[in-house]
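A closer look at the structure
One-letter residues, chain by chain:
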Amino acid sequence: MLYVICGHGNGDPGSSGGGETEADLVRRLAKRMRAIGGSSVEVLDTSKNWYAQGLVNSALKNRVGRNPVIELHMDAANGKARGGHVVIDADLSADARDKALASYISGKFPGRSDRLVKRNDLANLNRAQAQGINYRLLEVCFIDNKQDREALLEDMDEVAAGILGAFGIGRGKAVGKWKRNDKGWWYDNGDGTYPKSKWLKLDAWYWFDASGYAAQSCCLKIAGKWYAFGSDCRMKTSVSINKGGDMAL
C-alpha cells in the first residue's frame, strides 16, 4: 500500500505557471495514481493542507504503519529551471524505493544536478522522521517551465504509472496517454485503441467525436444537452460571459 499526500491546498495554491497551480496539478496526478494503482494506493484527504495543519503526526503513523508515504509537490524558479527530484530527511538513508523514484523522475524530467537530496529544513520530513514514518517528498518538475509543465499535462498517466512503478505497483499495466496532431487531441488508451463518440472521465470529463478527437474551445449539444469545453479540452462546470456577450472558453 502506498499513501499519497498532496502538497498545499486548503486555500494555498502553491507555485503556479501557465495558468496552472501546484495544488491543483498534484491533486490531479494523485487521482490518476489512484486510478492506475487501484486498491494499492490511498490518496489522503486532499481538502487538507498537511503542512500548515500539522497532520504528519502520530495519527498518521497509526494509519499508515510501515507502509510508504509520498508527498507530491512541484517547484518553481525563473521559468528556465527544470527537472524533478526526490527529497528525504537528512538523518535517513535512501531506500530502494527512493532510489527507484529518483531514477524515474530524473529521467522523465531531467535538468537537476542532484536527483535525490537530503534536507533537515522541511517540516513534514522532520515530523515524519520523528514518528518513524516511511516518508519522501517528490518535486515532480518545475510548474513554471513550459517544457516540464506540458510534459506532465500530456503524459500524466505515464508519470503516475512511473511513480507507482518505483513502489512496485502497477507494473506492466497499459497506461493511457494524450496525443495530438494538426487536427487536435486524442487519447490513446495504452493498447492502441482510443475513445470515439463517447465521454471519458480522467482528471475531468472529456468528449471525443466520431473520429476520436477531443472537443476543444467549443460548445456542443450532446444527447440533447449543451456542454462547454475549454482550450484544455476539459468539460467546463461553469462559464464566464465577456463584455461582448460571448462565452469565454
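Before reading further, recall that the structure is shown in the block above.
This section reports on the structure supplied with the text. (Residues numbered from 1 in each chain as written. Predicted model: local features only at pLDDT ≥ 70, side-chain atom pairs only at ≥ 80, totals over all residues. Heavy atoms only, no water.)

Further remarks concern the environment of F142. The topology assignment puts F142 in strand β8 (residues 135-142). Each C-alpha atom of the pair F142 and A77 lies 7.5 Å from the other, and the pair is 65 residues apart in sequence. Dropping the residues within four chain positions of it, F142 is found in contact with M74, D75, A76, A77, A81, R82, G83, R112, D148 and R149. (Helix = DSSP H or I, 4+ residues; strand = E, 2+ residues; numbered from the N terminus. Contact = heavy atoms within 4.5 Å.)

Take the side chain of D155 next. Here D155 lies in the loop between α5 (146-154) and α6 (156-165). Excluding its chain neighbours within four sequence positions, the residues that come into contact with D155 are K108 and K177.

The buried fraction of strand β10 (residues 184-188) amounts to four of the five residues, a majority that puts the element mostly inside the structure. Where strand β9 (residues 177-181) meets β10, five bridges bridge the pair, whose relative direction is antiparallel. Residue pairing in the sheet places N181 in a bridge with G184 of β10. Hairpin remark: β9 followed by β10, antiparallel, with two residues in the connecting loop. (Buried < 20%, exposed > 50% of the residue type's maximum accessible area, 1.4 Å probe, protein only. Pairing = 2+ DSSP bridges.)

Glancing now at the sheet that holds strand β4 (residues 41-43). The six strands are arranged β4-β1-β5-β8-β6-β7 in an open sheet whose pairing can be described as mixed. For this open sheet the edge positions go to β4 and β7 (116-119), each flanked by a neighbour on one side alone. Taking the axes of each pair of neighbouring strands and ignoring which way they run, one obtains an average angle of 30 degrees across the sheet. Judged from the three bridges that link them, strand β1 (residues 2-6) and β4 form a sheet pairing that is parallel. The partner of Y3 across the bridge, within β4, is E42. Together, β5 (69-75), β6 (85-89), β7 and β8 form the strand contacts of helix α3 (residues 96-108), whose direction differs from that of β8 by roughly 0 degrees. (Axes fitted to C-alpha atoms, helices over the stretch in contact; angles between N-to-C directions.)

Phi at S217 is positive, roughly 50 degrees, even though this residue is not glycine. Looking at the secondary structure, you find S217 in the loop between β12 (205-208) and β13 (218-222).

Glancing now at the pairing of β13. Put simply, side chains in a regular strand alternate between the two faces of the sheet. Pairing of β13 with strand β14 (residues 225-229), which is carried by five bridges, proceeds in the antiparallel orientation. Within β14, the position partnered with L220 by the bridge is Y227.

Under the 1.5 Å per step criterion, the end-to-end length of helix α1 (residues 22-37) is 22 Å for 16 residues, consistent within 8% with the ideal 22 Å. The buried fraction of α1 amounts to 12 of the 16 residues, a majority that puts the element mostly inside the structure. G38 sits one or two positions beyond α1 and adopts a positive phi of about 60 degrees. (Expected span 1.5 Å × (residues − 1).)

Here we take up the packing of α1 against α6. Their axes nearest at 9 Å, the elements α1 and α6 cross at an angle of 65 degrees. Relative to α6, α1 is oriented roughly perpendicular. The interaxial crossing formed by α1 with α6 has right-handed handedness. Residues L25, R28, L29, R32, M33, I36 and G37 of α1 pack against M156, D157, V159, A160, A161, I163 and L164 of α6. Each residue belonging to the contact of α1 with α6 can be placed in one class, and the counts come to 10 nonpolar, one polar and three charged. (Parallel < 35°, antiparallel > 145°, perpendicular 65-115°, else oblique. Left-handed = near helix turned anticlockwise from the far one by under 90°. Nonpolar A, V, L, I, M, F, W, Y, C, P; charged D, E, K, R; others polar.)

Moving on to the packing of aromatic side chains. Scanning all chains against the criterion turns up nine aromatic pairs. For the ring pair W178 and F208, a centre distance of 5.8 Å and an interplane angle of 25 degrees mean the geometry is stacked. Of this pair, W178 sits in strand β9 while F208 sits in strand β12; the two residues are 30 residues apart in sequence, bridging distant segments of the chain. In terms of burial, W178 and F208 fall into one category: buried. When the ring of W186 is compared with that of Y213, the centres are 6.2 Å apart and the planes differ by 85 degrees; the resulting orientation is edge-to-face. Of this pair, W186 sits in strand β10 while Y213 sits in the loop between β12 and β13, placing them 27 residues apart in sequence. (Phe/Tyr/Trp six-rings, centres within 6.5 Å; stacked < 30°, edge-to-face > 60°.)

Let us now look at the pattern of salt bridges. All chains considered together, the criterion is met by 14 salt bridges. Of the charged contacts, one joins E42 and R63 as a salt bridge, the two residues approaching to 2.3 Å between their closest N and O atoms. Placement of the pair is E42 in strand β4 and R63 in helix α2 (residues 58-64), with a sequence separation of 21 residues. We classify E42 as partly exposed; its relative accessible area is 23%. One salt bridge in this structure joins K108 and D155, with 2.7 Å as the shortest N-O distance. Residue K108 is located in helix α3, and its partner D155 is located in the loop between α5 and α6; the two are separated by 47 residues in the primary sequence. When its relative accessible area of 9% is taken as the criterion, D155 is described as buried. Connected via shared salt-bridge partners are E20, D24 and R28. (Salt bridge = Lys/Arg side-chain N within 4 Å of Asp/Glu carboxyl O.)

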